[in-house]
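A structural walkthrough
Listed here are the chains, written in short residue letters.
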Amino acid sequence: SVVELIWMAIQVGMARKKYGVKPPADRSEKSVVFNCIMRAHLNTLEGYPQFLGLLFLGGLKHPVLSAVGGCIILAGRVFYFLGYASGDAEKRQRGAWFHIGELICLGCVISGALSLL
């Protein structure tokens with residue numbers, strides 16, 4: 001997952017250079033594509049704590065199933081990023097299936113919690 005975040009950060013860095021957006025600015029008044037690339041990366045970062053929590057807690061009771069869910073999330077996030085980075089924000093839906101992985105991990109967490117009762 002860290003490699004995925006680093007890859008996305010590199011994409012943002014290359015977009016900054018290409019579209020002339022200097023830090024600390026996180027958006028461009030001129031380039032919709034830059035804004036989409038930045039938003040895709042930031043959205044992934046915003047969901048990262050939940051990803052790690054679900055993966056860890058779900059993995060306590062169901063390590064293999066939780067890992068499968070985590071892989072689905074990671075793969076879906078790549079498709080999400082690539083779709084969003086195209087400059088057409090609607091294309092981010094191509095990776096929306098990462099939510100299936102989240103539901104799998106959430107189910108693992110719930111199952112683990114219920115087993116403690």
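Scroll up to find the structure this text is about.
In this report, we go over the structure that sits alongside the text. Quick caveat, the model's predicted, so the values are computed rather than measured.

Basis of the calculations
Residues numbered from 1 in each chain as written. Predicted model: local features only at pLDDT ≥ 70, side-chain atom pairs only at ≥ 80, totals over all residues. Heavy atoms only, no water. Salt bridge = Lys/Arg side-chain N within 4 Å of Asp/Glu carboxyl O. Buried < 20%, exposed > 50% of the residue type's maximum accessible area, 1.4 Å probe, protein only. Core = buried A, V, L, I, M, F, W, Y, C linked by side-chain atoms within 4.5 Å. Helix = DSSP H or I, 4+ residues; strand = E, 2+ residues; numbered from the N terminus. Contact = heavy atoms within 4.5 Å. Phe/Tyr/Trp six-rings, centres within 6.5 Å; stacked < 30°, edge-to-face > 60°. Lys NZ or Arg CZ within 6 Å of the ring centre and 35° of its normal.

Below, the discussion takes up the pattern of salt bridges. Throughout the structure, instances matching the rule amount to two salt bridges. Among the ionic pairs, Glu 29 bridges to Arg 27, the shortest N-O distance being 3.5 Å. Grouping residues by exposure puts Glu 29 and Arg 27 together as exposed. Here Arg 39 ties to Glu 46 by a salt bridge, and the two come within 3.0 Å at their closest N and O atoms.

Attention now moves to the nonpolar core. In this structure, Phe 34, Ile 37, Ala 40, Tyr 80, Phe 81 and Tyr 84 are the most contacted members of the largest nonpolar core, which totals 14 residues. Within the residue set of this core, elements represented by two or more residues are helix 1 (2–19), helix 2 (32–61) and helix 3 (63–85). The element that contributes the greatest number of residues to this core is helix 2, accounting for five residues. When residues no more than four places from it in sequence are discounted, the contact partners of Tyr 80 are Ala 40, Asn 43, Arg 92, Gly 95 and Phe 98. In terms of nonpolar packing, the next biggest core, distinct from the first, is built from five residues, Leu 5, Tyr 48, Phe 51 and Ile 73 among them.

All chains considered together, the criterion is met by five aromatic pairs. Ring geometry for Tyr 80 against Phe 98: centres 5.9 Å apart, planes inclined by 80°, an arrangement best described as edge-to-face. Within this pair, whereas Tyr 80 is found in helix 3, its partner Phe 98 is found in helix 4 (residues 98–115), the two being separated by 18 residues in sequence. Taken together, the aromatic side chains of Tyr 80, Tyr 84 and Phe 98 make up a single cluster linked through ring pairs. Across the ring face of Tyr 80, the terminal group of Arg 77 is positioned such that the distance to the ring centre comes to 5.1 Å. The ring of Tyr 84 is capped by Arg 92, whose NZ or CZ atom sits 5.4 Å from the centre of that ring.

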